[in-house]
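Here's the letter readout for the chains.
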Amino acid sequence: MSSLLPRLHALWTKETLALLRDRHGLAALFVMPVIFILVMTMALHDAFMPGASIDVAYAVVDLDNSPQSQALVRRLDKSGSFRRIAVGQDLDAARQGIRENQYALVLGLPAKFGERLLAPAGADGQPTEPLTLLVDPTLNPALQLAFRNQTAAALGTIRADELTRRAGKLFGLPVSPAAERDWPDEIVSIAVQNQRSIRPPSSVQQNVPAWLVFAMFFVVIPIASIFIIERQEGTLQRLRAIGLPFGHILAGKLLPFFVVNQLQAVLMVLVGMFIVPMLGGEALHMPAGRSLIHWWLVAASVSLAAVAFALLVASLTRTSQQAVVVGGVGNILMGAVGGIMVPKFMMPAAMQRLAEWSPMAWGLDGFHTVMLRQGGFDAILPDLLKLLTFAALSLTAAVWLNRSSQP
Amino acid sequence: MTLSISAVSHTYRGAREAALDSVSLNIPAGGVFGLLGPNGAGKTTLISLICGLLESDQGLITLDDEPLALVRAADPARVALVPQDYAFYPMLSVVENLRFFGGALGLSGALLRQRCDAAIAFARLEQVTGKLAETLSGGLRRRLNLAIGLLGEPRLLLLDEPTVGVDPQSRHFLLDAIAGLPASGTTVIYTSHYMEEVEAICQRLAILDQGKVLAAGTLGELLDSDEQTLELRLDRPLPESLLSKYHAVPSGALDFGLFLPSTAALPELLAELAAAGCEICYLSLGRQNLEQVFMRLTRRSLRD
């Protein structure tokens, strides 16, 4: 009568049927993360690619029209990060262009720019007119700064060219007047990895694991809602009265939602590999061979942590509404702190230290270790241990809370 | 099979007073045993102790001289509880609920199917087997609750207020079904605060109040008493002097239960009522029921 298998089979069937009939729970588990992956991958497409062209247009108003001013424009064109769409001669017309959203920046080169290129302001008793930068105030301040730095760098190069040319003249060396040298000022980003170098993480490589971890933790919604119904309706008491150990009830929840988490992983990976490229993004590259097993170990550990956390939330809360608030807000906080919504490397140092306390960050770090750094088992072990310890502590607390709540 | 409850006490954590205070009862095999008492009397606590949801602070419960905890550990299906709540899954259908609880009992295969079919037939749920439990009426939910309790073919079935919130037709069906259970070898303990139900289906009963057994025995034993309880409805409130003289217990706005030492005291009471200007709308004397027995024992109304 008390054989384990029929009991577990009954518990698993019950959880599966209950989940399949919970449309909100299914949406939170499968639809929400897919939408997040697609939206965030496309929205942050360029933010993860150093050196990628920035789709911000600018204009140059060249009031000097000297070889030096033209050289500066050519130098800016070479960097290619910002898009130059017009060169005019009228600063007021250019100002109007910003108002009409034709471009976000206008660089104004003053008259006598070339003549005064090597004359420090006031050094010869005459003022040197500065370059002006007209800015669309809605433009990201970081991009404004990037453009200023790019212009300053180009200006430095032009000055170096001019200085070389004049020094050559002074010492009677043969110098081509229009010579523009290729100074070794290009900086190429190279991500450091084991054995070989690949490009830094792309948007899809950041977003698929990030939102997968986030989605896995959202099992809190269906687990808590079923668990609270069981407690409120007296079903848990009835199960206890027929001698079903609480451990069986927990095991009955762990396996179905572990499977749900694995289905989420497959779905999110397929979205990253096939749907994102259809929308113009880069396809997700999954590791192969042993690395795929390591990837799965991370997914399995995240799943155990998520299901155990869900059981803890279900044990802490009295009503479904409380569970949705505590579980949902808890997940969003863990996600915000843990680098799901804003990648950890974009955070200031203090926030990055705080992120180390989020279980979602451990999961995401584990995935990145396998996918980006080609890390082996030793490399992911610290994250796995943190996740499994979190799972064990949450489960223990859930069991203790359920025992102590009995009259 | 005799269930013996000896000096059992239980106090809930944080509570100042005991929910059960040295309760002793003998419940013989077969029949329906009623536990009658107002809300908070200790009925559910006693049921919870019998089915192992609570542990007693003192005392012992045995089944055929064997500690009940050992009996349950050896065969959990031997004692079944039908709780007061709808203790099943609203998002599962009737048959899915039955299969789940059957599986939780360890049943599988042909035996599980056979027990589910028997439970469906017993509770007459054939027409609604595929319906989600959350869409059932109150009466059908109570039937499903009862059917789940029968899946393990228990020898001892504990029914905790099984007719709360059902329509008269379903109540009638449930009472008939429960009354028929002893014929198949199941002993039933039935808790209720509806005295009519207990009178209708219980051969033996105990009256509980504030954690204590006030009286226990057969229905006839409990109803048999020299003291007469008079039910009275007046056109105005009963004067204070008569309230205290006859230990009157209000059971409605102008309804009272009065205790007469004998029938011979009735003429004197009628004269006193007439002198006080009270007109009698309704009077009943001589027909004892459990409500009056409870009033006699506690000097309170059962529905207080």
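Since we're looking at a predicted model, the values are computed, not measured.

### Observations regarding the overall build of chain A
Turning to step 1, where the next piece is worked out: When helices and strands are counted, chain A shows 14 helices and four strands.
Turning to step 2, where the next piece is worked out: With 407 residues in all, chain A has 46% of them scored as buried.
Turning to step 3, where the next piece is worked out: Across chain A, the fraction of contacts at a sequence separation of at least 24, relative to all contacts at a separation of at least 6, is 78%.
Turning to step 4, where the next piece is worked out: When the accessible surface of chain A is split by element, carbon and sulfur atoms take 65% of a total near 19900 Å².

### Description of the overall build of chain B
Turning to step 1, where the next piece is worked out: Counting its secondary structure elements, chain B contains 11 helices and 14 strands.
Turning to step 2, where the next piece is worked out: C-alpha extents for chain B along the principal axes are approximately 75 × 45 × 40 Å.
Turning to step 3, where the next piece is worked out: A buried classification covers 54% of the 304 residues belonging to chain B.
Turning to step 4, where the next piece is worked out: Taking contacts inside chain B between residues at least 6 apart in sequence as the whole, the part at least 24 apart equals 69%.
Turning to step 5, where the next piece is worked out: Carbon together with sulfur atoms contributes 50% to the accessible area of chain B, which is approximately 12900 Å² in total.
Turning to step 6, where the next piece is worked out: Positive and negative side-chain charges in chain B, numbering 25 and 35 respectively, have mean positions lying 5 Å apart.

### Remarks on the domain arrangement of chain B
Turning to step 1, where the next piece is worked out: One can read the domain layout of chain B as domain 1 (3-223) and domain 2 (228-287).
Turning to step 2, where the next piece is worked out: A C-alpha centroid distance of 39 Å is found between domain 1 of chain B and domain 2 of chain B.

### Looking at empty space enclosed by the protein
Turning to step 1, where the next piece is worked out: Summed over the entire model, instances satisfying the criterion amount to two cavities of 30 Å³ or more.
Turning to step 2, where the next piece is worked out: For the largest cavity, the full set of lining residues is A:Arg238, A:Ile242, B:Pro76, B:Ala77, B:Val79, B:Ala80, B:Leu81, B:Phe101, B:Leu105, B:Ile148, B:Gly149 and B:Gly152.
Turning to step 3, where the next piece is worked out: Secondary-structure elements contributing two or more residues to the lining of the largest cavity are strand E6 (79-82) and helix H5 (138-150) of chain B.
Turning to step 4, where the next piece is worked out: Here the lining of the largest cavity takes three residues from E6(B), the largest share from any one element.
Turning to step 5, where the next piece is worked out: Tallied by class, residues from the lining of the largest cavity come to nine nonpolar, two polar and one charged.

### What to know about the nonpolar core
Turning to step 1, where the next piece is worked out: One finds A:Phe217 and B:Leu98 to be the most contacted residues of the largest nonpolar core, which totals 102 residues.
Turning to step 2, where the next piece is worked out: By residue number, the principal contributor to this core is helix H10 (residues 290-316) of chain A, which donates 13 residues.
Turning to step 3, where the next piece is worked out: For B:Leu98, the contacting residues outside a window of four places in its chain are B:Cys116, B:Ala119, B:Ile120, B:Leu144, B:Ala147, B:Ile148 and B:Leu151.
Turning to step 4, where the next piece is worked out: Membership of the second largest hydrophobic core comes to 29 residues, among which are B:Ile5, B:Leu53, B:Leu68 and B:Ile189.

### So, the interface of chain A and chain B
Turning to step 1, where the next piece is worked out: With 27 residues of chain A in contact, the opposing surface of chain B contributes 34 residues.
Turning to step 2, where the next piece is worked out: Carbon and sulfur atoms make up 64% of the area that chain A and chain B hide from each other, which totals about 2700 Å².
Turning to step 3, where the next piece is worked out: Our enumeration of links across chain A and chain B arrives at one salt bridge.
Turning to step 4, where the next piece is worked out: A salt bridge links A:Arg21 to B:Glu96, with the shortest nitrogen-to-oxygen separation between them at 2.6 Å.
Turning to step 5, where the next piece is worked out: Scanning the region where chain A abuts chain B turns up eight residue pairs in polar contact (both at pLDDT 80 or more).
Turning to step 6, where the next piece is worked out: Contributions of two or more residues to the side of chain A that touches chain B are made by helix H1 (4-20), helix H7 (220-232) and helix H8 (235-241) of chain A.
Turning to step 7, where the next piece is worked out: Of all the elements, H1(A) adds the most residues to the side of chain A that touches chain B, at seven residues.

### Here's the deal with the pattern of salt bridges
Turning to step 1, where the next piece is worked out: For the coordinates displayed, the defined rule picks out 15 salt bridges over all chains.
Turning to step 2, where the next piece is worked out: A:Arg95 serves as the salt-bridge partner of A:Asp92, at 3.9 Å between the closest nitrogen and oxygen. Residue A:Asp92 and its partner A:Arg95 are both found in helix H4 (residues 91-99); the two are separated by three residues, about one turn of the helix.
Turning to step 3, where the next piece is worked out: Since its relative accessible area comes to 54%, A:Asp92 is described here as exposed.
Turning to step 4, where the next piece is worked out: According to the relative accessible area criterion, A:Arg95 is partly exposed, its value standing at 36%.
Turning to step 5, where the next piece is worked out: A salt bridge links B:Asp235 to B:Arg236, with the shortest nitrogen-to-oxygen separation between them at 3.2 Å.

### Looking at the packing of aromatic side chains
Residues and elements named next belong to chain A.
Turning to step 1, where the next piece is worked out: Enumeration over the complete set of coordinates arrives at 16 aromatic pairs over all chains.
Turning to step 2, where the next piece is worked out: Judged by centre distance (5.2 Å) and plane angle (90 degrees), the ring pair of Trp 211 and Phe 214 falls under edge-to-face. One end of the pair is Trp 211 and the other is Phe 214, both in helix H6 (residues 203-217) and three residues apart, which spans about a single turn. In this structure, Trp 211 and Phe 214 share a single accessibility class: buried.

### So, the side chain of B:Asp255
Residues and elements named next belong to chain B.
Turning to step 1, where the next piece is worked out: Inspection of the secondary structure assignment puts Asp 255 in strand E13 (residues 255-260).
Turning to step 2, where the next piece is worked out: Reaching out from Asp 255, the side chain makes a polar contact with the side chain of Arg 233 at a distance of 2.6 Å.
Turning to step 3, where the next piece is worked out: Here Asp 255 is in contact with Leu 232, Arg 233, Val 249 and Pro 250, once residues within four sequence places are set aside.

### A look at the environment of A:Ser405
Residues and elements named next belong to chain A.
Turning to step 1, where the next piece is worked out: Mapping Ser 405 onto the fold places it in the segment after helix H14 (377-404).
Turning to step 2, where the next piece is worked out: You can call Ser 405 partly exposed: its relative accessible area is 42%.
Turning to step 3, where the next piece is worked out: The sequence separation of Ser 405 and Ser 315 amounts to 90 residues, and the corresponding C-alpha distance is 9.2 Å.

### A look at the pairing of strand E8 (residues 187-192) of chain B
Residues and elements named next belong to chain B.
Turning to step 1, where the next piece is worked out: Taking burial as the measure, the six residues of E8 include six buried ones, the bulk of the element.
Turning to step 2, where the next piece is worked out: Going residue by residue along E8, you find Thr 187, Ile 189 and Thr 191 tucked away on one face and Val 188, Tyr 190 and Ser 192 tucked away on the opposite face as well.
Turning to step 3, where the next piece is worked out: Looking at chain direction, strand E3 (residues 32-36) and E8 are connected through five bridges and run parallel. Bridge pairing links Leu 36 to Ser 192 in E8.

### A look at the sheet that holds strand E9 (residues 204-209) of chain B
Residue and element names in this part refer to chain B.
Turning to step 1, where the next piece is worked out: The six strands are arranged E6-E7-E8-E3-E9-E10 in an open sheet whose pairing can be described as mixed. The outermost strands of the open sheet, each flanked by one partner alone, are E6 and strand E10 (212-218). Taken over all neighbouring pairs, the strand axes of this sheet differ in orientation by 15 degrees on average, direction set aside.
Turning to step 2, where the next piece is worked out: Of the pairings in the sheet, the one linking E9 to E10 comprises six bridges and is antiparallel in character. In the sheet register, Ala 206 faces E10, and the bridge partner there is Ala 216.
Turning to step 3, where the next piece is worked out: The strands touched by helix H6 (residues 168-179) are E3, strand E7 (156-160) and E8; relative to E8, the strand with the most contacts, the crossing angle is about 145 degrees.
Turning to step 4, where the next piece is worked out: Seen against the sheet, helix H11 (residues 290-298) touches E3, E9 and E10 and runs at an angle of roughly 40 degrees to E9.

Rules behind the numbers
- Residues numbered from 1 in each chain as written.
- Chains lettered and ligands numbered in written order.
- Predicted model: local features only at pLDDT ≥ 70, side-chain atom pairs only at ≥ 80, totals over all residues.
- Heavy atoms only, no water.
- Helix = DSSP H or I, 4+ residues; strand = E, 2+ residues; numbered from the N terminus.
- Buried < 20%, exposed > 50% of the residue type's maximum accessible area, 1.4 Å probe, protein only.
- Contact = heavy atoms within 4.5 Å.
- Areas by Shrake-Rupley, 256 points an atom, 1.4 Å probe, with all protein chains shown as cover.
- Lys, Arg positive; Asp, Glu negative; His and termini not counted.
- Charge placed at Lys NZ, Arg CZ, Asp CG, Glu CD.
- Domains from an automatic or database assignment.
- 1 Å grid on protein atoms, 1.4 Å probe; cavity = no way out; pocket = protein on both sides within 12 Å on 5 of 7 lines; lining within 4 Å.
- Points joined across faces, edges and corners; volume = space filled by probe spheres on them.
- Nonpolar A, V, L, I, M, F, W, Y, C, P; charged D, E, K, R; others polar.
- Core = buried A, V, L, I, M, F, W, Y, C linked by side-chain atoms within 4.5 Å.
- Buried area = accessible area lost by both parts, 1.4 Å probe.
- Salt bridge = Lys/Arg side-chain N within 4 Å of Asp/Glu carboxyl O.
- Polar contact = N/O pair within 3.5 Å; in protein donor to acceptor, adjacent residues only side chain to side chain.
- Phe/Tyr/Trp six-rings, centres within 6.5 Å; stacked < 30°, edge-to-face > 60°.
- Pairing = 2+ DSSP bridges.
- Axes fitted to C-alpha atoms, helices over the stretch in contact; angles between N-to-C directions.

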